[in-house]
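# Examination of the molecular architecture
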Amino acid sequence: FGKALVEIVEKDKSVVGITAAMPDGTGLDQLQAAFPSNFFDVGIAEEHGVTFAAGLATEGIIPVVAIYSTFLQRAIDQVMHDVALQDLHCVFVLDRAGLVGADGPTHHGTLDLTYLRMIPGVTVMAPKDESELRDMLYTAVYKIKGPVAIRYPRGNALGVELKPGFDEIPAGKAEILREGKDAAILAVGSMTDTAMKAAALLAGQNIECRVVNMRFIKPLDTDLLDETAASYKRIITVEENTLTGGFGSAVAEYYSDKQLKPALYRLGLPDDYVEHGTQTELYNMLGLNPAGIAGFIKNLFAD
């Protein structure tokens, strides 16, 4: 993310980066080194950082606000009233979304899909890998109006090849990564790669799953959801966010409103505070690892 933002600022000095005492943690230390006049650190004052970004946006500046998922919670009122209500173009980049491991319950970013999804006018995205994160940042800065949020996890990237430049991602459009006839897995963000690995395990047991990288939590790709409901009896959503009000809830709400009735199963984080542990330990404990997801889906076919 930090390198991608530097590349954008190299070509467009109307873009600035804002962080709250976490320049190295968010990658904005790279922007600080390359373009110090386009970098702002507001200290541990997330509320001020968001309102500051709103003020900049009124003057034609494009602020990219990089804050840990769990700490943007402190500024939810400012996101709502100072940015979204005014329909200002601010880009929020939420690092440490999902389970962060060693930092424990205070740092797990388990609620951002929920608290952002409820705000009118906010576009919410989650990339499947580092290449898609670059393209999402470009899309958020130049191709989507109003407030935009991109959330991504802590930890090493997947190691995919990074192409030069950026490509626009069509707003509200998912991508099918794998086809299968037996069930459909709708995944967002960090869970997309996990879902692909789970589908590979299931294929070895003669259960073929479609895997969809949904990319957008808001707006949803409703055309794909309609087609999926017509084609599959079993649909599984997978997210690294609390199940309460998250991505799976958005899909369930859509199907309920359209009176579509596929068997929908939601996998994600519990309605509880997740304890301290490594990310691997926590994924295993919560069943959000490839074996856990594959086992859950296999049990759906037990009869």
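Everything below is about the structure printed above this text.
Quick caveat, the model's predicted, so the values are computed rather than measured.

### What about the layout of surface pockets?
Of the pockets and cavities examined, the largest pocket occupies roughly 820 Å³. As for the largest pocket, its lining consists of 33 residues, and the residues nearest its centre are Pro153, Gly155, Asn156, Ala157 and Leu158. Residue assignment for the lining of the largest pocket shows that the elements contributing at least two residues are helix 1 (2-11), helix 8 (130-142), helix 9 (191-203) and helix 12 (279-286). Taken together, the residues of the lining of the largest pocket break down into 13 nonpolar, nine polar and eleven charged. The volume enclosed by the second largest pocket comes to roughly 260 Å³. Lining of the second largest pocket is provided by 16 residues; of these, Gln73, Thr110, Leu111, Asp272 and Tyr273 occupy positions nearest its centre.

### Focus: the packing of helix 9 against helix 13 (residues 290-300)
Two numbers describe a pair of packed helices, the interaxial angle and the distance between the axes. Close contact between helix 9 and helix 13 brings their axes to 8 Å; oriented N to C, the two are set at 55°. As summarised for this structure, helix 9 and helix 13 are arranged oblique, according to the angle between their axes. Where helix 9 crosses over helix 13, the two elements pack in a sense that is right-handed. Residues Thr194, Lys197, Ala198, Leu201 and Leu202 of helix 9 pack against Pro290, Ala291, Ile293, Ala294, Ile297 and Lys298 of helix 13. For the contact of helix 9 with helix 13, the residue count by class is eight nonpolar, one polar and two charged.

### Re a nonpolar patch on the surface
There is a patch of nonpolar side chains on the surface, built from Leu158, Val160 and Leu162 and spanning about 240 Å² of accessible area. Tracing the backbone through its elements, the reader meets Leu162 in the loop between strand 6 (148-151) and strand 7 (175-178).

### Quick notes on the sheet that holds strand 11 (residues 234-242)
Taken in spatial order, the five strands line up as 7-9-8-11-12 in an open sheet, and their pairing is mixed. The strands lining the two open edges of the sheet, one partner per strand, are strand 7 and strand 12 (263-269). Sheet twist, expressed as the average angle between the axes of neighbouring strands with direction ignored, equals 25°. Sheet topology places strand 8 (residues 183-187) next to strand 11; four bridges connect them, and they run parallel. Bridge pairing in strand 11 links Ile185 to Ile236.

Cut-offs applied
- Residues numbered from 1 in each chain as written.
- Predicted model: local features only at pLDDT ≥ 70, side-chain atom pairs only at ≥ 80, totals over all residues.
- Heavy atoms only, no water.
- 1 Å grid on protein atoms, 1.4 Å probe; cavity = no way out; pocket = protein on both sides within 12 Å on 5 of 7 lines; lining within 4 Å.
- Points joined across faces, edges and corners; volume = space filled by probe spheres on them.
- Helix = DSSP H or I, 4+ residues; strand = E, 2+ residues; numbered from the N terminus.
- Nonpolar A, V, L, I, M, F, W, Y, C, P; charged D, E, K, R; others polar.
- Axes fitted to C-alpha atoms, helices over the stretch in contact; angles between N-to-C directions.
- Parallel < 35°, antiparallel > 145°, perpendicular 65-115°, else oblique.
- Left-handed = near helix turned anticlockwise from the far one by under 90°.
- Contact = heavy atoms within 4.5 Å.
- Patch = residues over 30% accessible without salt bridge, like charges linked within 9 Å, V, L, I, M, F, W, Y side chains within 5 Å.
- Areas by Shrake-Rupley, 256 points an atom, 1.4 Å probe, with all protein chains shown as cover.
- Salt bridge = Lys/Arg side-chain N within 4 Å of Asp/Glu carboxyl O.
- Pairing = 2+ DSSP bridges.

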